[in-house]
Amino acid sequence: MALLLTIYLCLWLGPALLTGWLAAERGRSPRLWFALGLLFGLFALLAVGLAPRTERPVDGGDFEKLFRAVVAVVVVVVLPLLVSWAFDFTKSRDANRLAIVAVAIALGVLGVFALFWVMDQIVDRLPRGWRETVRPYVFVGPAVAVLSVFLIYPVVNTILISFKDRRGDRWVGLDNYEFVFTDPSMLRSLRNTAMWIVVVPAVALVVGLLFATLADRLQRGESIAKSVIFLPMAISFVGAAVTFRLIYSYRPEGFGSNVGVLNAIWTALGNEPVAWLTQRPWNNLLLMVIMIWMQTGFAMVVLSSAIKAIPDEIIEAARIDGASEWQVFRHITVPSILPTITVVTTYMVINALKVFDIVFVMGAPENNGTEVVAERMLTWFFTRQNQGYGAAVAVVLFIAVIPVMIANVRRFRAEEAIR
Amino acid sequence: MSVGANKKAGWFVKGTILVVCFIWLFPTLGVLVTSFRPAAEANTSGWWTTITKPFDTAQWTLENYRTVLDASGFNNALLNSLAVAIPATVMPITMAAFAAYAFSWMEFRGRQVLFVVVVALMVVPLQMALIPILRLYNGGAELFGITVFPDLDLNGTFLGIWLAHTAFGLPLATYLLRNYIGSLPSSIIESAKMDGADHFTIFTRLIVPLSVPALAAFTIFQFLWVWNDLLVAYVFLGGTSDNRVVTIALQMLSGARGQDWHVLTAAAFVTMALPLAVFFSLQRYFVRGLTAGAVKG
């Protein structure tokens, strides 16, 4: 038994040490790669069924045991090297891009599956009494770990950085917030974002609701009509922005004819062509149109399914009582779907609050007065390398969603109480 | 659903719907038509002028797509987008499904509290996470002199962006999947346990097959979200010609050749092609995926 244990330890530690040494040779952190080597070694030992289980010993005859041992050694040595090579490969500059992409996809997809399988195998080897206590944490563990490192820690860290200087070294008190609420460009962004979160959800909601109500009456073609409105949901903000840049495009008089439909109509009416995207403050509305175009379909589809869920008897009864179509819509349809309207509006408000791509792609927000808060955040933190300002702007966005966060948690609690 | 006597659509309703649909299709149609026009024509006349002579083959060309894919590097960008989007979809959904199963069918301390945290995290703007994650990627983190997050130099790597996208997609995925997995009948899980199946087996053999509709809906949602994302890719992957994804490539092209409409529209359509294909082929799941969060949440 002692001999067996020694062999296991050698099989496990040896390759891990080798990996660490190789990493040191190549100027990487030896401790990190030693730890990774241990992890992969464990994985390999488990994979070939060699790691000791508390009650189930390795099955099979001597030959099979030998075969498994050889496979284990090969796998244990090869796997860490393979993974380390794969990581290097995905970073290399001169390899075939298709091969890199294939390796990267395999690494990511197989990696996450392997992670859960290995952890579950380890739990199986714990003392009997522990297993079912530990197993739930293995199932939620990766999700909780990722959320902690990439979401919870950052929220706290961003709040701290928002009180520090541009490189996040020195405390500066409320200076960054003073900047947020005094800088003219920042103030414009706050005003614009306030407009975005009112105009975009309102228009998308009204158009979506009316369209859903009207389309509900079609005998044929309802789903096609709805698809057409929903289609822009599939397109990226960047794609949509380029699409509308074509519509708004502008050539000054005498520099060729205008290929943008807006100027084509405008000049056909006998006017001079207009550089639409520099017309303050109306250019903001033109950018909002893009998001309305994209989000109306969402509102329409959700509201449409809510409208269909209203029992027909209620509507029929109202009609028999002589209610006009408008009265039915106003006094039955809208009140019945009010909860859905609230949810859709909340979702669209949050989306409008975070809008960034459209403004960014349209370019020159500061010259055109089209700044929005999320765009300012990226400009300050990334383009101008001022983490303090960027963090303070992010915190403003965060504070804006806190009411929704509280409402979500409250509603969840209420639902759980019913369960 | 019954069709009441008053419910028939009159010409007014039909006309309105037709007009709105036309307005909504018009922008996409413009991009599609322009992308097939030769440079000289695309930049001197409106795309709608082609309607007068649609069968004049001299006004159509595939040259723009060749330019975009080869010279502008969209070939590479498409591959990169796949390399980002596929793992960044599989990773959160796998983690979320395991977590959702544990939240629904396993007993452990802190279950309720952890799930409330997940619900709260759903609406956190990802802008809150960008700066600290970038700092972690560039320098790691130390707490009282102990390395709690090693300096892995993840900035500009696929792993770095996968992890970021995983974190941003996880709360919603966990919430939606828990709603679905939690509503499966408890009798089937009890009987599987009776037959001696352990949790891992129940999850992989029973829960995953039963949850295909929910998994498919969220997979489509997350894939398109990642594919269409500009912000996360811009911060963590950057705009080098090796690394950039399609949205970044399009944004850069829009900045560099902003008036070359023949190339720009072709590039825009290249980035849209896959989402539109997903949209048309999996529309049912697609709509369900995009709307589930709002209807349920």
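Computed from a predicted structure; not experimentally measured.

How each quantity is defined
Residues numbered from 1 in each chain as written. Chains lettered and ligands numbered in written order. Predicted model: local features only at pLDDT ≥ 70, side-chain atom pairs only at ≥ 80, totals over all residues. Contact = placed C-beta atoms within 7 Å. Nonpolar A, V, L, I, M, F, W, Y, C, P; charged D, E, K, R; others polar. Domains from an automatic or database assignment. Helix = DSSP H or I, 4+ residues; strand = E, 2+ residues; numbered from the N terminus. Buried ≥ 20, exposed ≤ 12 C-beta atoms within 10 Å, placed from the backbone. Axes fitted to C-alpha atoms, helices over the stretch in contact; angles between N-to-C directions. Parallel < 35°, antiparallel > 145°, perpendicular 65-115°, else oblique. Left-handed = near helix turned anticlockwise from the far one by under 90°.

S.K.: Could you give me a rundown of the interface of chain B and chain A, with the residues and numbers involved?
M.R.: Taken together, the 99 residues of chain B in the interface contact 99 residues of chain A. Within the side of chain B that touches chain A, the residues separate by chemical class into 67 nonpolar, 29 polar and three charged.

S.K.: Quick rundown of the domain arrangement of chain B? Include the residues and the values.
M.R.: All names here are of chain B. Considered domain by domain, chain B is made up of domain 1 (13-61) and domain 2 (64-296). Centre-to-centre, using C-alpha coordinates, domain 1 lies 34 Å away from domain 2. Every element with two or more residues in the side of domain 1 that touches domain 2 is listed here: helix 1 (11-35) and helix 2 (39-42). Per element, the largest residue contribution to the side of domain 1 that touches domain 2 is four residues, and it comes from helix 1. Per-class residue counts for the side of domain 1 that touches domain 2 are five nonpolar, four polar and one charged.

S.K.: Which residues make up the environment of B:F236, and what values go with them?
M.R.: Residue and element names in this part refer to chain B. With respect to the helices, strands and loops of the structure, F236 is situated in helix 11 (residues 231-236). Assessed through the 24 C-beta atoms surrounding it within 10 Å, F236 is described here as buried. Along the backbone, F236 and G156 are 80 residues apart, and their C-alpha atoms lie at a distance of 5.6 Å. Look past the residues within four positions of F236 in its chain and what remains in contact with it is N155, G160, I161 and A164.

S.K.: Account for the packing of helix 4 (residues 74-105) of chain B against helix 10 (residues 212-228) of chain B, naming residues and giving values.
M.R.: Residues and elements named next belong to chain B. Contact geometry of helix 4 with helix 10 gives a least axis separation of 9 Å together with a crossing angle of 140°. On the basis of the axis angle, helix 4 is oblique to helix 10. Relative to helix 10, the crossing made by helix 4 is right-handed. Across the interface between the two elements, S81, V84, A85, A88, T89, P92, I93 and A97 of helix 4 pack against L215, F218, T219, Q222, F223, V226 and W227 of helix 10.

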